[in-house]
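# Architecture and fold: a report
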Amino acid sequence: MFYFSKSKYCLAWQCPKLLWLSKYKPELKPEDPSLQAKFDEGNVIGDMAMGLFGDFTEVTAFKEDGRLDLNKMQQLTKECIENGIENICEASFNYDGLYCAVDILHKEKDGYAIYEVKSSTGAAHIYTVDISYQKYVLEHCGVKVTGTYLICIDSDYVRGKELDIHKFFKIIDLSAEVNDEIQNVPSLLKKAEQVYALKEEPNCDLGMHCRDPYECAYWGYCAKHLPTPSVFDLYRIGFKKAIQFYSEGKTSYRDVIFDSRMTNPKQLRQILHHINKQDDEVNKDGIRDFLDTLSYPIYFLDFETIQPLIPQFEGTKSYAQIPFQYSLHYIEYEGGPLLHKEFLAESGTDPRRAIAERLCEDIPMNVCVTAYNKAFECTRLKELAEYFPDLAEHLLNIESNIKDLLTPFQSGYYYNKAMGGSFSIKSVLPALFPDDPALNYHNLEQIHNGGEAMSIFPKIKDMTPEDAATTRHNLLKYCELDTYAMVKVWEKLQEAIR
């Protein structure tokens, strides 16, 4: 018998090869540390949504080994329907090997409505595909489906003192879209069954499906035939444009250097530096003009933030960037020592007031502040000023005096082919200092990037005192390296004009 689930159905819809690899070569998929966090986040959202329509019965059941007991869940679902339960969560059905669990099955006058819960802020066609499969299974199990809906997050909702789930969530009627898409279910299921039966990996070339609707985890495997670097590595090239080049057999830098569509000067410079194996490109006048905008005392600022899906604090929205930490290196006068200050909030508390106050203490008004890609720090400072009007004058003064260390690199004043067309600090730093272990993020303990910092900070409140102390230390060291790296970049720019 052909056994299938809605997640596998969505894989088949995106790419037959993706479906086959997930079944026969799952080991080729690289580990994604953020995947579990996303899964946990989705579970929290799903649990919250269960109460949207009042009392409910959840039929989730587990075997002794911890795996889901699908047979038990199907039996419980059948009993709930027989007993007229109005809201059945994780309602489970199986039609001839086609399994699905409905997030919320809501009883209506003439049947049941399907409600799919997603931790997104709007509808996407893949959700219609997902729900269409569910409707197909339920109808073949004898359930009259009266409506198909998406429950997602209202990005305009601002939390008050308490979270109002009826305002936090919004419901989108996808009935018309599902009625159109469900016509495709039988043929796609037939193709999926044929793919599952293949002994050899199906031949499916690179295309837009590699990123739509999700970036494929097997990209590295499927794209292993590409040269290094390839057109996909060009600075800010759209994936659609790169795929167009690929479809024409143009994959290397040499293949596209004379193409009339190559008009981006940064991309052309990237290509020429790689082909000609050029050394550093240094525009001394441009660098000097930039450095002349800086003055002592000079401060180097970097924030770390959390981005809660569920608004944790009054006055915030879903996915709001909440700063919880900063590092601040500074030099008070020319030739002066490099000094450092830092702040790290207490996990589990609203960090905004504390970090705003400390910023005002640590950074005087009317001084030169630098950041790398300053838009991020400037936006956070403006938000803090809006939250705390009594600190707004000082915070906005800091914001108005920030200079961007990204400028000389993005403007082309300093380029090294090792940057690979990227001007982020994580690309520029190893290009300028390839052999300095003190500037290598891989040498840090536990936390090596902003994503890891964002993920681990909220968890500190639940750690043992020993683990919490270690994690706080590692967070401080990570953020400190961010601003120390900025100092070294600034010094490198000064060396370049001597």
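Our structure is the block above this text.
The rules behind each value
Residues numbered from 1 in each chain as written. Predicted model: local features only at pLDDT ≥ 70, side-chain atom pairs only at ≥ 80, totals over all residues. Heavy atoms only, no water. Helix = DSSP H or I, 4+ residues; strand = E, 2+ residues; numbered from the N terminus. Buried < 20%, exposed > 50% of the residue type's maximum accessible area, 1.4 Å probe, protein only. Contact = heavy atoms within 4.5 Å. Areas by Shrake-Rupley, 256 points an atom, 1.4 Å probe, with all protein chains shown as cover. Lys, Arg positive; Asp, Glu negative; His and termini not counted. Charge placed at Lys NZ, Arg CZ, Asp CG, Glu CD. Salt bridge = Lys/Arg side-chain N within 4 Å of Asp/Glu carboxyl O. Expected span 1.5 Å × (residues − 1). Arc of directions from axis to C-beta. Pairing = 2+ DSSP bridges. Axes fitted to C-alpha atoms, helices over the stretch in contact; angles between N-to-C directions. Phe/Tyr/Trp six-rings, centres within 6.5 Å; stacked < 30°, edge-to-face > 60°. Lys NZ or Arg CZ within 6 Å of the ring centre and 35° of its normal. Core = buried A, V, L, I, M, F, W, Y, C linked by side-chain atoms within 4.5 Å.

## A short note on the overall build of the protein
- Counting its secondary structure elements, the protein contains 20 helices and 13 strands.
- Within the span of the protein, comprising 498 residues, buried residues form 47% of the whole.
- Sequence separation of 24 or more characterises 67% of the internal contacts of the protein that already satisfy a separation of 6 or more.
- Counting only carbon and sulfur atoms, one obtains 49% of the accessible surface of the protein, whose full area is about 25,000 Å².
- Between the mean site of the 54 positive side-chain charges and the mean site of the 75 negative ones, the protein shows a separation of 5 Å.

## Observations concerning the pattern of salt bridges
- All told, the structure shown has 26 salt bridges when counted by the stated rule.
- A salt bridge links E383 to R380, with the shortest nitrogen-to-oxygen separation between them at 2.9 Å. Here the residue E383 and the residue R380 both occupy positions in helix 15 (residues 375-387), the gap between them amounting to three residues, near one helical turn.
- For R380, a relative accessible area of 7% translates into the label buried.

## Some points on helix 8 (residues 185-197)
- In a regular helix each residue adds 1.5 Å, so 13 residues correspond to 18 Å; helix 8 covers 18 Å between its end C-alpha atoms and thus fits that length.
- Those residues of helix 8 lying buried are V185, L188, L189, A192, V195 and Y196. For helix 8, the angular spread of buried residues about the axis comes to 120 degrees, placing them on one side. When the buried face of helix 8 is taken as reference, the exposed residues oriented beyond 90 degrees from it are K190, K191 and A197.
- The elements touched by buried residues of helix 8 are helix 1 (6-14), helix 2 (16-24), strand 3 (98-107), helix 5 (125-140) and helix 7 (175-181).

## Comments concerning the sheet that holds strand 4 (residues 112-117)
- A sheet is described by the order of its strands in space; here six strands give the open sequence 1-2-3-4-5-6, paired in mixed fashion. With partners counted over all chains shown, the strands left at the sheet margins are strand 1 (57-58) and strand 6 (169-173), one partner each.
- Across four bridges, the pairing between strand 3 and strand 4 is antiparallel. Within strand 4, the residue paired with H106 across the bridge is A113.
- Across the face of the sheet, helix 4 (residues 70-82) comes into contact with strand 1, strand 2 (87-95), strand 3 and strand 4 while running at roughly 120 degrees to strand 2.

## Brief notes about the packing of aromatic side chains
- Going through the model one piece at a time under the given rule, you end up with 24 aromatic pairs.
- With a centroid separation of 6.2 Å and 65 degrees between ring planes, the pair formed by Y387 and F388 is classed as edge-to-face.
- According to the relative accessible area criterion, Y387 is partly exposed, its value standing at 28%.
- The rings of W219, F232, F239 and Y246 are connected pair by pair, giving a single aromatic cluster.
- The lysine or arginine in question, K224, covers the ring of Y221, its NZ or CZ lying 3.8 Å from the ring centre.

## What about the nonpolar core?
- In terms of nonpolar packing, the biggest core is built from 74 residues, with L359, I363, L395, F409, L475 and W490 touching the most fellow members.
- With 66 residues, the next largest nonpolar core counts L21, L105, F232 and I243 among its residues.

## Remarks on helix 1
- Taken together, the buried positions of helix 1 are occupied by K6, Y9, C10, A12 and Q14.
- Buried residues in helix 1 make contact with helix 2, strand 3, strand 4, helix 5 and helix 8.

## What to know about the sheet that holds strand 9 (residues 322-331)
- Sheet architecture is open: five strands sit in the order 10-9-8-11-12, paired in mixed fashion. Lying at the two open borders of the sheet, with one neighbouring strand each, are strand 10 (339-344) and strand 12 (402-404). Strand-to-strand, the axes of this sheet are offset by a mean angle of 25 degrees, without reference to chain direction.
- When strand 8 (residues 298-306) meets strand 11 (residues 368-371), the two strands line up parallel, connected through three bridges. In the sheet register, Y299 faces strand 11, and the bridge partner there is V369.
- With respect to the sheet, helix 14 (residues 352-362) is in contact with strand 8, strand 9 and strand 10, its orientation differing from that of strand 9 by roughly 15 degrees.

This is a description of form; function is not addressed.
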